[in-house]
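# Reading the structure
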Amino acid sequence: MAKFRAAYQAEQDEAKRNKILEDTYPNPTDYAPRFRALATQFKGTEAGAGALIWIATSFYGDTQEATVDELLKDYKDSPLLEQVMYTLGQREDDESRVHLRSLLADSPHRNVQAGACHALALNLRGLAANTKRGEQKEALMAESRALFMRVQNDFDDVPYRGRTLGAVARAELFESDRLQIGMLAPDIEGADLNGVAFKLSDYRGKVVVLDFWGNW
Amino acid sequence: MYPHERSLVKRLAGEPFALIGVNSDKDLEALQDVLLEENITWRSFWNGPEGTSGPISTRWNVRGWPTIYILDHEGKIRFKGPRGKAMDKAVDKLLAEMKE
């Protein structure tokens, strides 16, 4: 990995960079059998859970899904489950929501409860977005909202991707309350790339595509 | 993505339509060359020197780039996320609504 990083950063040309990426970036597929062997050898211990977590967080798709299922079956009381809560929350089946609810209620670890609470809130909001207007949609949004509130009240200080879960939940609540389809867009006041001040609402009366972009 | 946006802006010139960016590059000066090279004529807010951690994208809870919102002429959020042909279709639908 260190070798890859040094070579990649030294090269500016994109085509050459891609070649370096292909040749020297560590491929998780090469390491998976070893982690699988560790998971078998140390089944039932934190080391066994850790090996499965490595697989679950290094792959996408079927491998990830099967490994998360294995973790939920064999290691439901492990604190390491925190690392797969987001992935679990991305799933759309009812069973995943059942898992999240039971981890929130029954995990002996606060960090797992916190991750499950946040992931379930995101999941229910996604479900609401795919539900036609009506009572059911409203109920899903209300439950999602209550769970984001619970994250703030009960798990505010839990670290999450370089921030705290409380801060992330506050941002998500803003999205739930102000950034849903059908809502009046919050105004933006700022300066353009020449330093000239303007507002999003200056464009009222026009159809606006608002594009968060960057040149990278 | 620039070619699609350029063609959208060109096609809808004269229509009640605007493409507004929120740019999250940290280096505003380096960006000026890109604007010229890529013929980026549409207006963008600058998200500030913190780049993707800047105030506008943080408030709008943007976690991936690009992120697209489409607003109707009343300023209501009508679509989230459409790119390419789906973006064209969404914009055309909202422009048609205005003429009803």
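Residues numbered from 1 in each chain as written. Chains lettered and ligands numbered in written order. Predicted model: local features only at pLDDT ≥ 70, side-chain atom pairs only at ≥ 80, totals over all residues.

## Things to note about the overall build of chain A
- Counting its secondary structure elements, chain A contains ten helices and five strands.
- Computed over its C-alpha atoms, the radius of gyration of chain A comes to 22 Å, more than 25% above the 17 Å expected for a compact globule of 216 residues.
- C-alpha extents for chain A along the principal axes are approximately 65 × 50 × 30 Å.
- Across the 216 residues of chain A, 29% fall into the buried class.
- Partitioning the intrachain contacts of chain A with sequence separation of at least 6 by distance along the chain shows that 38% fall at a separation of at least 24. (Helix = DSSP H or I, 4+ residues; strand = E, 2+ residues; numbered from the N terminus. Rg over C-alpha atoms; globule rule 2.2 N^0.38 Å. Buried ≥ 20, exposed ≤ 12 C-beta atoms within 10 Å, placed from the backbone. Contact = placed C-beta atoms within 7 Å.)

## Brief notes about the interface of chain A and chain B
- If you look at the interface, chain A gives 31 residues, while chain B gives 43 residues.
- Listed by contribution, the elements that provide at least two residues to the side of chain A that touches chain B are helix H10 (165-178), strand S3 (189-191) and strand S5 (207-213) of chain A.
- Among the elements that take part in the side of chain A that touches chain B, S5(A) stands out by supplying seven residues, more than any other.
- Residues of the side of chain A that touches chain B, tallied by class, amount to 18 nonpolar, seven polar and six charged.
- As defined by bridge partners, S5(A) adjoins strand S3 (residues 67-71) of chain B across five bridges and the pair is classed as antiparallel. (Nonpolar A, V, L, I, M, F, W, Y, C, P; charged D, E, K, R; others polar. Pairing = 2+ DSSP bridges.)

## Section: the sheet that holds S5(A)
- Spatial ordering of the open sheet is given by S2(B)-S1(B)-S5(A)-S3(B)-S4(B), a layout of five strands whose pairing is mixed. The open sheet terminates on both sides in strands that have one partner only, identified here as strand S2 (43-46) and strand S4 (77-80) of chain B. Neighbour to neighbour, the strand axes of the sheet diverge by 25° on average, direction disregarded.
- Across three bridges, the pairing between S3(B) and S4(B) is antiparallel. When the sheet's bridge partners are listed, Leu71(B) is paired in S4(B) with Ile77(B).
- Strands S5 of chain A together with strand S1 (17-23), S3 and S4 of chain B of the sheet are contacted by helix H4 (residues 84-99) of chain B, whose axis makes an angle of about 150° with S5(A). (Axes fitted to C-alpha atoms, helices over the stretch in contact; angles between N-to-C directions.)

## A word on the domain arrangement of chain A
Residue and element names in this part refer to chain A.
- Partitioning chain A into structural domains gives domain 1 (1-75) and domain 2 (76-187).
- The centre of domain 1, based on its C-alpha atoms, is set 26 Å off from the matching centre of domain 2.
- If you look at the interface, domain 1 gives eleven residues, while domain 2 gives ten residues.
- Every element with two or more residues in the side of domain 1 that touches domain 2 is listed here: helix H4 (46-58) and helix H5 (61-74). (Domains from an automatic or database assignment.)

## Re H4(A)
Residues and elements named next belong to chain A.
- For H4, built from 13 residues, the straight-helix expectation of 18 Å at 1.5 Å per residue is met to within 8% by its first-to-last C-alpha distance of 18 Å.
- Within the sequence span of H4, burial applies to Ala 49, Ala 51, Leu 52, Ile 53, Trp 54, Ile 55 and Ala 56.
- Buried residues in H4 make contact with helix H3 (28-41) and H5. (Expected span 1.5 Å × (residues − 1).)

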